[in-house]
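Listed below are the residues making up each chain.
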Amino acid sequence: MEKLSPPVWPGSLRLAGNGLDRQLPCRVLQSPLAGVSDRIFRILVRRWAPEALLFTEMVNATSLELGHGRGKVEELALEAGPIGVQLFDHRPEAMAEAARRAEASGAFLIDINMGCPVRKIARKGGGSGLLRDPELAMRIVAAVAGAVRIPVTVKTRLGWCDSSADPVGFALSLQNAGARALTLHGRTREQGFQGQADWAAIARVKRALTIPLIANGDVRSPEDALRCLALTGADGVMVGRGTMGAPWLVGRIDAALRGLPVPPIPDAGQRLALAAEQLEALLAARGEKGLLIARKHLGWTCQGFAGAAELRHGLMRAGTPEATRELLARAADGFGSSRP
């Protein structure tokens, strides 16, 4: 096992609530990822990082009010470790009510999404759309913070675009409105996921705040996390797209931050076994739709070994679970497989 040293941020991170505080023994958080971070994916992440704070996929507060997407909240009781609920909407009252429902279902904390760059969300005033309406953003934070006892956090970006960005001022306003921690993605909404995350800007925000700050953006390895924390002075890191097909990433970074041996990246046989396991879990949970969901995960996981490109091509074209199983089994025979 590889060992990186020295540990950067040992010890638990305390998040103050409105009557109920939380402790995070693991300073690496798994970002909520729409269409990715479902319960099956989270079970895999916890195999390497059992104490990490994970999140549900984003939950639309208005949809929850109408009875849609309640499964994301109601299944919280089945979670083996700390699980946060990330909400998005432009209506303070709906956000407050959704937060109450999530708290009653066992949420570890409530996170408010003010960073999602997807146009259909932003144009309705949710996600990164709130970067253009700071007054509404603060009303939402105040409403949610006043509705629950658990900590309320915010995930946001540096701003809407470079010309209007004021990340320090916006972050201070969020803190004053009742946010008990911030996760800051080092890009503007205009950038989306292009270019390089501005860790120096995250450092400026960190120096201005008294609440914890989690750095996000371009953290794809233990080495990235160590560099990011050294530069930003942040209290932890959140990883997102780097975990797609790599549920072991959170645990590897956590080990590095604790100064422990870093678990190895699974080899080809182990990746194939993991892909097969995820396929079966999705089929059991979602029926025929499970195969469609599994395809993207299989494509992300089956990389980095001889024959991977041809295998991915076949997996994307396989029309039945049986055909998909056969492709994975045939590939595994060439490497040998064991549980990672």
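What you see is a predicted model, and the numbers here were worked out from it, not measured in a lab.

## Here's the deal with empty space enclosed by the protein
As enumerated under the stated definition, the model contains two cavities of 30 Å³ or more in all. What the largest cavity holds in volume is close to 80 Å³. Along its surface, the largest cavity is lined by 13 residues, and L29, T153, A181, T183 and I214 are the ones closest to its centre. Broken down by element, the residue count for the lining of the largest cavity peaks at three residues, all from strand β10 (residues 181–185). Tallied by class, the residues present in the lining of the largest cavity amount to 10 nonpolar, two polar and one charged. Its boundaries defined by the atoms lining it, the second largest cavity holds a volume of some 40 Å³. As for the second largest cavity, its lining consists of A61, L64, E65, A94, E97, A98 and R101. Put simply, the parts of the chain that give the lining of the second largest cavity at least two residues each are α2 (61–65) and α4 (92–104).

## What about the pairing of strand β7 (residues 83–88)?
Within β7, six of the six residues are buried, which leaves it mostly tucked inside the rest of the structure. Burial of the side chains of β7 extends over both faces: I83, V85 and L87 are buried on one face and G84, Q86 and F88 on the other. Inspection of the sheet shows strand β5 (residues 54–55) paired to β7 by two bridges, in the parallel sense. Counterpart to L54 in the pairing with β7 is I83. Inspection of the sheet shows strand β6 (residues 59–60) paired to β7 by two bridges, in the parallel sense. By the bridge assignment for β7, V59 is matched with L87.

## Here's the deal with the environment of Q175
Tracing the backbone through its elements, the reader meets Q175 in helix α7 (residues 167–177). In this structure the C-alpha to C-alpha distance between Q175 and D162, which are 13 residues apart in sequence, comes to 22 Å. Leaving out residues up to four positions away in the same chain, Q175 has contacts with L209, T210 and I211.

Procedures and definitions
- Residues numbered from 1 in each chain as written.
- Predicted model: local features only at pLDDT ≥ 70, side-chain atom pairs only at ≥ 80, totals over all residues.
- Heavy atoms only, no water.
- 1 Å grid on protein atoms, 1.4 Å probe; cavity = no way out; pocket = protein on both sides within 12 Å on 5 of 7 lines; lining within 4 Å.
- Points joined across faces, edges and corners; volume = space filled by probe spheres on them.
- Helix = DSSP H or I, 4+ residues; strand = E, 2+ residues; numbered from the N terminus.
- Nonpolar A, V, L, I, M, F, W, Y, C, P; charged D, E, K, R; others polar.
- Buried < 20%, exposed > 50% of the residue type's maximum accessible area, 1.4 Å probe, protein only.
- Pairing = 2+ DSSP bridges.
- Contact = heavy atoms within 4.5 Å.

Nothing here speaks to function; it is all geometry.
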